[in-house]
Amino acid sequence: MARLIIFLTIFFSLYGGLHLYALIKIKRSLGLGSGPTIALSIFMVFMVLAPVIVVRMPEWPEFALFTRVMAYFGYTWMGLLFIFVSIAFALDICHLFLQLGGIILQRELPSITVSSRYSFIIVFLCSLVITGYGAFEAVSIRLEHITIKTDKIPKTVNRFRIAQISDVHLGLIVGVRRLDRIIYQIAAAKPDILISTGDLVDGQMDDSSRFADMLRKIDTRHGKFAVTGNHEFYAELPRSLEFIKKAGFRMLRSENVIVSDWLNIVGVDDPTGKRYSVNTNESEKALLSKFSRDKFTLLMKHRPIVDNDATGLFDLQLSGHTHKGQIFPFSLITKLFYPADAGLFFLEKNASLYVSRGTGTWGPPIRFLAAPEVTLIELVPDN
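Since the model is a prediction, treat every value here as computed from it, not as a measurement.

A. Region of the structure containing the overall build of the protein chain. Secondary structure assignment for the protein chain yields ten helices and twelve strands. In summary, the protein chain has a C-alpha radius of gyration of 23 Å against a globular reference of 21 Å for 383 residues, a match within 12%. Overall, the protein chain is about 75 × 60 × 40 Å in size when its C-alpha atoms are taken along their principal axes. For the protein chain, the proportion of its 383 residues judged to be buried stands at 50%. Sequence-distant contacts, at least 24 apart, represent 76% of the contacts inside the protein chain between residues at least 6 apart. Element-wise, carbon and sulfur atoms account for 62% of the exposed surface of the protein chain, whose accessible area totals about 19,400 Å². Distance between charge centres in the protein chain, computed from 41 positive and 34 negative side chains, equals 3 Å.

Written out as structure tokens, the structure is:
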């Protein structure tokens, strides 16, 4: 309960702050009177509460349509607001620097002078355009292709295909249509195995049985494997595990599976489990030390954090979690917490890390400069 209170306090402070900044900006730019200002304030208070209202809505059939509409409207507004505030704030900072520069240099610096009304209109229109493009980018799922050379794969195998999905967030926003696009890209990859590196599910899944049926039909030669992300715990772990099992995935929780005589796959739980008194993880070093280094060891781990003590005990770590920020410039913030936020990174002792940008979306159904992906990793002999 204490953690929930802290989370809600931080959320309402930050999200409420964005709304307050936008309210002040709109009022000053358009010269709103008391009546329109009160009406706009009531609307913004409702939008601050909207994400929490959606999460708390009961999953009853009679609420399904209303909840979905609320989710799309509330989360799209969240994305639009973030983009609007980012552009407006950046312009305010530039204007402030120009003013400070003029004071220091004791002369007026050249700048483009636009009335606050027209400045607001321009920023708002730019925000709408970016939001529209971001909604298009969010459903334009790419097949990202990388090749890893290794001397641990037999030359007789030639190449081994691993398809990775991550951060799909199946639920109110990422529904059947989006999943169908994802499955199309997985089929195009023709994988030998399919891997989900966490956050396959989200909080509410009205079509969970349909989602499971669609995923179960994906055919791979050597199976489908998954690890928990933080949202598997948020959505109630037993329920998440049951869904993932019905979808045909084998969940790896501090355990391994030997796929062939040269490939070993190891999966670990997301550390969020500790908050829920669920901790199946032993140290990665202790876990990985049990397995032969003659085999190619693939480590599945939701967060793109490399345990330095375990480096050299695995060959490739596959992760997700960051979404590459999902909406620029939020990617600048995620980069501070996760320096390896997207793409392929070469580590010490012949190990590699690949971080997926994510396959779905969380919150706003928008992606900007962080396109969603299904990743095809091809392991090939190193000659």
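Now, onward.
B. Geometry of the nonpolar core. Counting residues in each nonpolar core, the largest one holds 27 residues, and the members touching the most others are Ile 165, Leu 170, Leu 200, Leu 215, Phe 243 and Phe 249. The set of elements that each furnish at least two residues to this core consists of strand E2 (160–165), helix H5 (176–189), helix H6 (208–216) and helix H8 (237–246). It is H5 that contributes the most residues to this core, five residues altogether. For Ile 165, the residues in contact, after removing those within four places along its chain, are Ile 182, Ile 186, Leu 194, Ile 195, Ser 196, Thr 197, Leu 200, Phe 249, Thr 359 and Val 374. Leu 40, Val 48, Met 78 and Val 85 belong to the second largest nonpolar core, which has 25 residues in total.

C. Spotlight on the packing of helix H3 (residues 64–105) against helix H4 (residues 116–139). Put simply, H3 and H4 touch, their axes get as near as 9 Å, and they point 135° apart. When the axes of H3 and H4 are compared, the pair comes out oblique. At the point where H3 passes H4, the crossing takes the right-handed sense. Packed against H3, whose contacting residues are Thr 76, Leu 80, Ile 83, Phe 84, Ile 87, Ala 88 and Leu 91, the element H4 presents Phe 120, Val 123, Phe 124, Cys 126, Ser 127, Leu 128, Ile 130 and Thr 131 at the interface.

D. Up close: H4. Counted at 1.5 Å a residue, the expected span for H4 with its 24 residues is 34 Å, and the 35 Å between its end C-alpha atoms agrees. Among the residues making up H4, those that are buried are Phe 120, Val 123, Ser 127, Ile 130, Thr 131, Gly 134, Glu 137 and Ala 138.

E. Local environment of unusual backbone geometry. Cis geometry marks the peptide bond from Phe 328 to Pro 329, where omega comes out at 15°. Despite not being glycine, His 321 shows a phi value in the positive range, around 80°. Its location among the elements puts His 321 in the loop between strand E9 (316–319) and helix H10 (330–337). The buried category is assigned to His 321, whose relative accessible area is 16%.

F. Focus on H8. Considered for burial, the residues of H8 that qualify are Leu 237, Ser 240, Phe 243 and Ile 244. All buried residues of H8 fall inside an arc of 130° around its axis, so they share one side. Among the exposed residues of H8, those pointing more than 90 degrees away from its buried face are Pro 238 and Lys 245. Buried residues belonging to H8 abut H6, strand E4 (224–226), helix H7 (230–234) and strand E5 (250–251). Just past H8, the residue Gly 248 takes up positive phi, approximately 95°.

G. Inspection of the environment of Pro 271 at higher detail. Here Pro 271 shows up in the loop between strand E7 (263–267) and helix H9 (284–288). Since its relative accessible area comes to 42%, Pro 271 is described here as partly exposed. Taking the C-alpha atoms as reference, Pro 271 lies 39 Å from Cys 126; in sequence the two are 145 residues apart.

The rules behind these values
- Residues numbered from 1 in each chain as written.
- Predicted model: local features only at pLDDT ≥ 70, side-chain atom pairs only at ≥ 80, totals over all residues.
- Heavy atoms only, no water.
- Helix = DSSP H or I, 4+ residues; strand = E, 2+ residues; numbered from the N terminus.
- Rg over C-alpha atoms; globule rule 2.2 N^0.38 Å.
- Buried < 20%, exposed > 50% of the residue type's maximum accessible area, 1.4 Å probe, protein only.
- Contact = heavy atoms within 4.5 Å.
- Areas by Shrake-Rupley, 256 points an atom, 1.4 Å probe, with all protein chains shown as cover.
- Lys, Arg positive; Asp, Glu negative; His and termini not counted.
- Charge placed at Lys NZ, Arg CZ, Asp CG, Glu CD.
- Core = buried A, V, L, I, M, F, W, Y, C linked by side-chain atoms within 4.5 Å.
- Axes fitted to C-alpha atoms, helices over the stretch in contact; angles between N-to-C directions.
- Parallel < 35°, antiparallel > 145°, perpendicular 65-115°, else oblique.
- Left-handed = near helix turned anticlockwise from the far one by under 90°.
- Expected span 1.5 Å × (residues − 1).
- Arc of directions from axis to C-beta.

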